[in-house]
Amino acid sequence: MRPLYCLIIGLFTSACTGKKINDHTVATANANAKQWAAKNLADTPGYKPLGFDGPDSIILSYRNDSAYIRLEDSIMQIEALRFQEMGENFKLFNERKESGYYERKQAGFRKLQAGIIKKVKPQFIGYKIEHHFTVTDSSGAALLNKYVLYFDRQGNLTKAAR
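This one's a predicted model, so the numbers in the text were calculated from it and none came from an experiment. (Residues numbered from 1 in each chain as written. Predicted model: local features only at pLDDT ≥ 70, side-chain atom pairs only at ≥ 80, totals over all residues. Heavy atoms only, no water.)

Asker: In this structure, what is going on with the overall build of the protein chain? I would like to understand it.
Answerer: Per the secondary structure count, the protein chain includes 5 helices and 5 strands. Listing the helices and strands of the protein chain from first to last along the sequence gives α-α-β-β-α-α-α-β-β-β. Expressed as a percentage of the 162 residues in the protein chain, the buried residues total 27%. A separation of at least 24 residues holds for 63% of the contacts in the protein chain among residues at least 6 apart in sequence. Summed over all atoms, the accessible surface of the protein chain reaches about 11,300 Å², with 57% contributed by carbon and sulfur. (Helix = DSSP H or I, 4+ residues; strand = E, 2+ residues; numbered from the N terminus. Buried < 20%, exposed > 50% of the residue type's maximum accessible area, 1.4 Å probe, protein only. Contact = heavy atoms within 4.5 Å. Areas by Shrake-Rupley, 256 points an atom, 1.4 Å probe, with all protein chains shown as cover.)

Asker: Sorry if this is basic, but what is going on with the packing of aromatic side chains here?
Answerer: As enumerated under the stated definition, the model contains 8 aromatic pairs in all. Judged by centre distance (5.6 Å) and plane angle (75°), the ring pair of Tyr101 and Tyr102 falls under edge-to-face. Lying over the aromatic face of Tyr101, Arg96 brings its terminal NZ or CZ to 4.3 Å of the ring centre. The lysine or arginine in question, Lys159, covers the ring of Tyr150, its NZ or CZ lying 5.6 Å from the ring centre. (Phe/Tyr/Trp six-rings, centres within 6.5 Å; stacked < 30°, edge-to-face > 60°. Lys NZ or Arg CZ within 6 Å of the ring centre and 35° of its normal.)

Asker: Teacher, can you tell me more about the environment of Ala107 here?
Answerer: By the secondary structure assignment, Ala107 is in helix α5 (residues 101–119). When the C-alpha positions of Ala107 and Ile75 are compared, they lie 8.6 Å apart, and in sequence the two are 32 residues distant.

Asker: Could you clarify how one ought to interpret the nonpolar core in this entry?
Answerer: Taken as a class, soluble globular proteins show a tendency for nonpolar side chains to be buried jointly. Of all hydrophobic cores here, the largest spans 14 residues; its most connected members are Trp36, Leu41, Phe133, Tyr147, Leu149 and Phe151. Put simply, the parts of the chain that give this core at least two residues each are α2 (23–41), β3 (123–136) and β4 (142–151). Sequence-distant contacts of Phe151, that is, excluding residues within four places in its chain, are made with Ala29, Asn32, Ala33, Ile125, Gly126, Tyr127, Lys128, Ile129, Asn156, Leu157 and Thr158. (Core = buried A, V, L, I, M, F, W, Y, C linked by side-chain atoms within 4.5 Å.)

Asker: When you look at the pattern of salt bridges in this model, what are you seeing that I'm missing?
Answerer: Taken as a whole and judged by the stated rule, the model has 4 salt bridges. As a salt-bridge pair, Glu79 and Arg82 come within 3.4 Å of each other at their nearest N and O atoms. Linking Glu79 with Arg82, this pair stays in helix α3 (residues 66–88), spanning 3 residues, or about one helical turn. According to the relative accessible area criterion, Glu79 is partly exposed, its value standing at 23%. Overall, the relative accessible area of 14% leaves Arg82 in the buried class. (Salt bridge = Lys/Arg side-chain N within 4 Å of Asp/Glu carboxyl O.)

Asker: Even after reading the chapter, I still don't get the environment of Ser57, so can you show me in this structure?
Answerer: Relative to the assigned elements, Ser57 resides in strand β2 (residues 56–60). Sequence spacing of Ser57 and Asp152 is 95 residues, and the spatial spacing of their C-alpha atoms is 9.9 Å.

Asker: Would you mind going over the packing of α3 against helix α4 (residues 90–99) with me for this structure?
Answerer: Helices that pack against each other are described as a pair by the angle of their axes relative to one another and the distance between those axes. At a minimum axis separation of 6 Å, α3 and α4 run at an interaxial angle of 135°. Taken together, α3 and α4 sit at an angle that is classed as oblique. Along its contact with α3, which presents Leu81, Arg82, Glu85, Met86 and Glu88, the element α4 presents Phe90, Leu92, Phe93 and Arg96. The residue inventory of the contact of α3 with α4, partitioned by class, reads 5 nonpolar, no polar and 4 charged. (Axes fitted to C-alpha atoms, helices over the stretch in contact; angles between N-to-C directions. Parallel < 35°, antiparallel > 145°, perpendicular 65-115°, else oblique. Nonpolar A, V, L, I, M, F, W, Y, C, P; charged D, E, K, R; others polar.)

Set out below in structure tokens:
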């Protein structure tokens, strides 16, 4: 039980040591989010704001790297090939399984991924705020919607996405 408790405490403290958002940036991002919503959503039929979530940090890491993502896709393609051959060509599947073909291919991709993990350092790029609201459709029914607003390090709006 003690190792599990230590793990939970370790995860909690590591999550709490993230980048601290200063009050000025929070105020700027919140003001820009409300200003954007007032300008872009106010004329939407039945628009009723439900609220804005607090700013969350956006960190780019190896998981956002396009080469890493392509390698992850390649690993999944080998797994899909394994299952396809298991169903369509069981003899080939057995030969490749016994020779370690699938594992070698995936291990090669994972090795390349490990190189990307070592090379790509996490980088703080800004913040995001989610805006939840309802609108009415043509029949008058209320629909729940959400926009994600992206901000730079100073709290300036850079992008809005559904």
